[in-house]
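# Coordinate inspection notes
Each chain, letter by letter, is given below.
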Amino acid sequence: MLKKITAVMIPLLFSIVLVFVGTFLGCIKTGGKTVPEEKEKIVVGFSQLGAESDWRSSNTESMKEALSSKNGYSLIFEDGQQKQANQITAIRMFIQQEVDYIVLAPVTETGWDTVLQEAKNAGIPVIIVDRMVDVEDEDLFTCWVGSDFELEGKKVVEWLNRYVTLKNVPAKDIHIVNIQGNLGASAQLGRTKALADAVEKYGWDLLAEVPGDFTQAKAREVMDGLLGVYDNINVVYCENDNEAFGAIEAIEAAGKKVGMDIANGEIMVVSFDGVNQEALDYVSENKIACIAECNPLHGPRVQAIIELLEAGKMPDKFAYVQEKLLASDTTVTQVVVDGVNYEVTFLESTKTATEAAEKVTE
Ligand code: GYE
């Protein structure tokens, strides 16, 4: 009898022990609770260049949301505070931490060769977002995703050219100041180049080009100074919306009017991004005449790139985001850039703010 019980009990006990050990190995203890072990997270080091604008805040948010723990990522976020040296230190730290991927939003284009070579030697793929890097060997990074900044600029200057032509304002009467972004950033280089080329081509009067660092405060200060020097400014080309906010503040504080009637003393403001509601409202009110949209929502794009790489596939080396041209005034309905037609998306003042925002994200 005892023999019989033992014969049944031993395998049974053995199975219980096996199930117990198995369960134990498949679990981890957190704060006294036992939860099932998760799939190993993909570790990403993201070097963001700073927090200078609304565009940047949306971009950071988009990246954090996509590369979140619930999506299977462990994200190490470093804010470079507009300094390349900080970004280089962050990348070196990511290499030491042996992250799976490095994502870099570079403040300026040049000066990345050495540190990207170090990442390459460590076998860590580097994904560049937003602005570009200008390196000797393009194999130093895996791929890039962002906007065509020169195209954005070309859309704005073509819009301006159509507008002044249709309103019969002679080219020599277009007196422009350019409030630039951070010098050496792709967004500055592309947008400044588009304006310089148009000035040359159409014979406009470019009074000054001054860096506004993509911030509202700096642009207000710069615009204030420019209004003190030139009394004939009638177009302000701001290289982002935050600069436009600052420029408008300075124009209004000087007792001048922002608007479309440049032949009769109004000052026209044009800009880039179209990210926040205030900017869209300004377009609806014709305080900003025209905005070339710049899309900051790169998080899901980077996530898709990492998923491709995880599956052993190669993403496109360069991926450009499609963007709109926003205006409220209906004088110009489309612009042609390099043989391609771009329809203007109108934000009518009769629209509510929410409807306007929906129109942009369509
Ligand atoms: O337009 C500006 C930001 O690099 C596209 O940087 C980005 C630019 C954006 O500060 O608002």
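Shown above is the structure to which this text applies.
My aim in this report is to walk through the structure given alongside it, one point at a time. (Residues numbered from 1 in each chain as written. Predicted model: local features only at pLDDT ≥ 70, side-chain atom pairs only at ≥ 80, totals over all residues. Heavy atoms only, no water.)

## Considerations on the sheet that holds strand E5 (residues 101-104)
Strands sit in the order E4-E3-E5-E6-E7-E13 across an open sheet of six strands; the sheet is parallel. Only two strands of the sheet have a single neighbouring strand rather than two, namely strand E4 (73-79) and strand E13 (318-320). Across the sheet, the mean angle from the axis of one strand to that of its neighbour is 20°, orientation sign disregarded. Of the pairings in the sheet, the one linking strand E6 (residues 126-129) to strand E7 (residues 143-146) comprises three bridges and is parallel in character. Paired with Ile 128 across the strands is Trp 144, a residue of E7. Packing of helix H10 (residues 299-310) onto the sheet brings it into contact with strand E3 (42-48), E4, E5, E6 and E7, and relative to E6 it is tilted by some 160°. (Pairing = 2+ DSSP bridges. Helix = DSSP H or I, 4+ residues; strand = E, 2+ residues; numbered from the N terminus. Axes fitted to C-alpha atoms, helices over the stretch in contact; angles between N-to-C directions. Contact = heavy atoms within 4.5 Å.)

## With respect to the packing of helix H5 (residues 149-166) against helix H6 (residues 186-202)
Close contact between H5 and H6 brings their axes to 7 Å; oriented N to C, the two are set at 35°. Our pair here, H5 against H6, has a crossing hand that is right-handed. Of the residues in H6, those in contact with Phe 149, Glu 150, Glu 152, Gly 153, Lys 154, Val 157, Glu 158 and Asn 161 of H5 are Ser 186, Ala 187, Gly 190, Arg 191, Lys 193, Ala 194, Leu 195, Asp 197, Ala 198, Lys 201 and Tyr 202. When its residues are assigned to classes, the contact of H5 with H6 shows seven nonpolar, four polar and eight charged. (Left-handed = near helix turned anticlockwise from the far one by under 90°. Nonpolar A, V, L, I, M, F, W, Y, C, P; charged D, E, K, R; others polar.)

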